[in-house]
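# Inside the fold
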Amino acid sequence: SSKTFWTTTGMFPQELIIGFPKCVKISKVAIQCYLVRTLRIERSVSKDPVGFEQCIEKDLQHTEGQLQREEFPLPEFQATYLRFIIKSAFDHFVSVHRVMAEGT
């Protein structure tokens, strides 16, 4: 829902994990967030959310008063779980408004 979001508790790092019903092929991940400075995306292909490996780490650009919109192309990428780690921020609190994964 565009009317809801997830917010941090004020200390970093913070993380959220998204799980799929089975291992899927992902071609692109997109995120809409606010005040995130450094974001890392990890994946797991395990049945349980363990054994994560780093896929992407990026410093995001500060967009005063607007949502940050980032897309990450991921060719030949499989995952059962995605872990988003907010390593640092431009403020004490940040928010994640939407996470999208495209693929089959």
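A brief look at the structure comes next.

Rules and cut-offs
- Residues numbered from 1 in each chain as written.
- Predicted model: local features only at pLDDT ≥ 70, side-chain atom pairs only at ≥ 80, totals over all residues.
- Heavy atoms only, no water.
- Helix = DSSP H or I, 4+ residues; strand = E, 2+ residues; numbered from the N terminus.
- Rg over C-alpha atoms; globule rule 2.2 N^0.38 Å.
- Buried < 20%, exposed > 50% of the residue type's maximum accessible area, 1.4 Å probe, protein only.
- Areas by Shrake-Rupley, 256 points an atom, 1.4 Å probe, with all protein chains shown as cover.
- Pairing = 2+ DSSP bridges.
- Contact = heavy atoms within 4.5 Å.
- Core = buried A, V, L, I, M, F, W, Y, C linked by side-chain atoms within 4.5 Å.
- Phe/Tyr/Trp six-rings, centres within 6.5 Å; stacked < 30°, edge-to-face > 60°.
- Lys NZ or Arg CZ within 6 Å of the ring centre and 35° of its normal.

## Concerning the overall build of the chain
Secondary structure summary: the chain contains zero helices and six strands in total. Taking 104 residues into account, the globule formula puts the C-alpha radius of gyration at 13 Å, and the chain, at 13 Å, falls close to it. Along the first, second and third principal axes, the C-alpha atoms of the chain reach 35 × 25 × 25 Å. Across the 104 residues of the chain, 38% fall into the buried class. Entry remark: accessible area of the chain is about 6500 Å², with carbon and sulfur atoms responsible for 50%.

## Section: the sheet that holds strand E6 (residues 95-103)
Spatially, six strands are ordered E1-E6-E2-E5-E3-E4 in an open sheet, and the strand pairing comes out antiparallel. Because the sheet does not close on itself, it has two edges, and the strands there are strand E1 (6-7) and strand E4 (53-59). Across 15 bridges, the pairing between strand E2 (residues 14-34) and strand E5 (residues 68-89) is antiparallel. Of the residues in E5, the one forming a bridge with Glu15 is Ile85.

## Re the environment of Leu39
Considering the arrangement of structural elements, one finds Leu39 in strand E3 (residues 36-44). Sequence separation between Leu39 and Arg98 is 59 residues; the distance between their C-alpha atoms is 14 Å. If near-sequence neighbours (up to four positions away) are discounted, Leu39 is found in contact with Ile31, Ile56, Glu57, Lys58, Leu60, Phe72, Phe84, Ile85 and Ile86.

## Some points on the side chain of Ser95
Of note, Ser95 is situated in strand E6. Residues contacting Ser95, with those up to four places away along its chain left out, are Phe5, Trp6, Thr7, Cys33 and Tyr34.

## Some points on the nonpolar core
Counting 22 residues, the largest nonpolar core has Ile26, Leu39, Ile41, Leu82 and Phe84 as the members making the most contacts within it. Ranked by residue count, the leading element in this core is E5, at eight residues.

## Regarding the packing of aromatic side chains
Counted under the stated rule, the structure contains zero aromatic pairs. Sitting above the plane of the Phe77 ring, Arg43 keeps its charged end 5.0 Å from the centroid. The ring of Phe52 is capped by Arg83, whose NZ or CZ atom sits 4.1 Å from the centre of that ring.

## Examining the environment of Gln78
Of note, Gln78 is situated in strand E5. Take Gln78: its relative accessible area is 35%, and that puts it in the partly exposed class. Taking C-alpha positions, Gln78 is 17 Å from Val99, a pair spaced 21 residues apart along the chain. In contact with Gln78, other than residues within four places in its own chain, are Cys23, Val24, Lys25, Arg43 and Val45.

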